[in-house]
Structures are given as structure tokens and as C-alpha cells.
Amino acid sequence: LSSREYQMECSEGKFTIDTESYADPNAIEGFQELAIDVNNQGVAYPDDLSVGMSLPDAIITMRASAEGKSKNTYVIIVTDRKVVSNEPVTVPVGTFDCFKITYELEMKSSASSYFDVIEYIAKGTGKVKTETYNYRGKLISTSILTELSQ
């Protein structure tokens with residue numbers, strides 16, 4: 001089990017989810033003593049989500065350094081994002097009408113890992129639930145909204 005907080009922002013007809021929500025919390029822990037430079041093309045969602053939409057790809061690059069020397073690079077590539085359905089999702093803070101979005105996620109550092117991801121996005125709330133599957137289709141992690149603050 002792990003816990004994390006991240007920000008979601010809504011402006012100019014789209015909302016953006018903080019890149020930290022896409023990174024493995026255990027991988028981020030390894031960067032705690034290092035300076036982190038994040039280059040984010042943005043993981044944005046239009047305000048007018050609808051079933052059948054294709055969403056833009058995103059690339060998130062984190063570079064860790066210590067004393068000015070590069071230590072590690074961690075790249076997250078999000079591709080093939082599609083809004084596949086609209087359905088209710090119940091989590092500890094309530095039941096939300098959500099858009100179900102599927103995508104492929106590649107995580108690169110010293111090696112590459114590939115995942116299929118399903119996330120549930122509620123209008124006015126943001127990310128409510130995420131399920132991550134390995135390349136064999138086995139569920140390996142789930143994240144759910146347990147607290148909501150503004």
C-alpha cells in the first residue's frame with residue numbers, strides 16, 4: 001500500500017493532472033535525496049470529454065541529479081488514450097459518474113516496462129480510480145480516491 005497527494009487544475013477548457021500521479025511511488029522514493037527536473041508535455045483532458053474521443057499522447061521525463069551530475073532519467077510515455085465508456089464508480093468518498101479511459105504506458109529508466117491502464121475520470125472531480133495491468137493482463141495495482149479537498 002502507498003499513499004500520495006497530487007494536484008489537478010482546470011483552466012482554458014481542459015484539466016491537467018499532476019505528473020506525480022503517473023509515476024510509481026516506489027520509483028519516486030529513490031529520487032528523494034536528489035534534485036529533480038521534470039519535463040512534462042502535459043497529461044491534459046478536455047473539459048468536454050465524450051465516449052469515442054481519442055486523447056493526445058504525453059511524455060513525462062524526470063531527471064535526477066546530485067551536485068550537478070546526472071544520476072538517472074525516468075521517462076513515462078502515455079499513448080493510445082481513448083474514452084471508451086461512461087459508468088458509475090464507487091470509491092470511499094462516494095459514487096461518481098465517470099468516463100472510462102484506456103491507454104498504454106511505457107516506463108523507461110535502466111530498463112523498459114509496459115502496462116495497460118484504465119482510469120476513471122469524473123467531471124468536476126478528476127481522477128477517481130486507476131487500474132494498471134502488466135503485459136500479460138494481470139492487475140498489478142489499483143489507486144482510488146480516498147480524500148477530496150479544494
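Above: the structure in question.
Now for a description of the structure that goes with this document.

1. With respect to the overall build of the protein chain
Move 1: Helix and strand counts for the protein chain stand at one helix and eleven strands.
Move 2: Its helices and strands in sequence order give the protein chain the pattern β-β-α-β-β-β-β-β-β-β-β-β, from N to C terminus.
Move 3: Across the 150 residues of the protein chain, 37% fall into the buried class.
Move 4: In the protein chain, of all internal contacts separated by at least 6 residues, the share reaching a separation of at least 24 is 43%.
Move 5: If you sum the accessible surface of the protein chain, you get close to 9200 Å²; carbon and sulfur atoms cover 45% of it.

2. Observations concerning the pairing of strand 10 (residues 126-133)
Move 1: Counting buried residues along strand 10, seven of its eight residues qualify, which places the element largely inside the surrounding structure.
Move 2: For strand 9 (residues 112-122) and strand 10, the ladder comprises seven bridges, and the chain directions are antiparallel. Bridge pairing links V117 to T132 in strand 10.
Move 3: Linkage of strand 9 to strand 10, two consecutive antiparallel strands, is achieved through a turn of three residues, within which G124 is found at a positive phi near 85°.

3. Let's talk about unusual backbone geometry
Move 1: Its identity is not glycine, yet D80 carries a phi of approximately 60°, on the positive side.
Move 2: Here D80 shows up in strand 7 (residues 69-91).

4. Description of the nonpolar core
Move 1: Within the largest apolar cluster, 19 residues are counted, with the highest numbers of intra-cluster contacts made by L49, I76, I101 and L105.
Move 2: Ranked by residues supplied to this core, first place goes to strand 8 (residues 94-108) with five residues.
Move 3: Contact partners of I101, with chain neighbours within four places excluded, come to Y45, L49, L55, R81, K82, V83, V117, I118, E119 and I121.
Move 4: Grouped together as the second largest cluster of nonpolar side chains are ten residues, I118, Y120, V128 and Y133 included.

5. Considering the pairing of strand 8
Move 1: Across eleven bridges, strand 8 lies against strand 9 in antiparallel orientation. Within strand 9, the position partnered with L105 by the bridge is F115.
Move 2: Linkage of strand 8 to strand 9, two consecutive antiparallel strands, is achieved through a turn of three residues.

6. A look at the pattern of salt bridges
Move 1: Under the counting rule described, the total for this entry stands at four salt bridges.
Move 2: Between E106 and K108 there is a salt bridge, with its nearest N and O atoms 4.0 Å apart.
Move 3: For E106, a relative accessible area of 15% corresponds to the buried category.
Move 4: One salt bridge in this structure joins K127 and E119, with 3.7 Å as the shortest N-O distance.

7. Some thoughts on the packing of aromatic side chains
Move 1: Going through the model one piece at a time under the given rule, you end up with zero aromatic pairs.
Move 2: Lying across the ring of Y45, R81 places its NZ or CZ 4.8 Å from the centre.

8. Considerations on the environment of R63
Move 1: Following the sequence through the fold, R63 ends up in strand 6 (residues 58-66).
Move 2: As for R63 and T73, which are separated by ten residues in sequence, their C-alpha atoms are 4.5 Å apart.

Analysis parameters
- Residues numbered from 1 in each chain as written.
- Predicted model: local features only at pLDDT ≥ 70, side-chain atom pairs only at ≥ 80, totals over all residues.
- Heavy atoms only, no water.
- Helix = DSSP H or I, 4+ residues; strand = E, 2+ residues; numbered from the N terminus.
- Buried < 20%, exposed > 50% of the residue type's maximum accessible area, 1.4 Å probe, protein only.
- Contact = heavy atoms within 4.5 Å.
- Areas by Shrake-Rupley, 256 points an atom, 1.4 Å probe, with all protein chains shown as cover.
- Pairing = 2+ DSSP bridges.
- Core = buried A, V, L, I, M, F, W, Y, C linked by side-chain atoms within 4.5 Å.
- Salt bridge = Lys/Arg side-chain N within 4 Å of Asp/Glu carboxyl O.
- Phe/Tyr/Trp six-rings, centres within 6.5 Å; stacked < 30°, edge-to-face > 60°.
- Lys NZ or Arg CZ within 6 Å of the ring centre and 35° of its normal.

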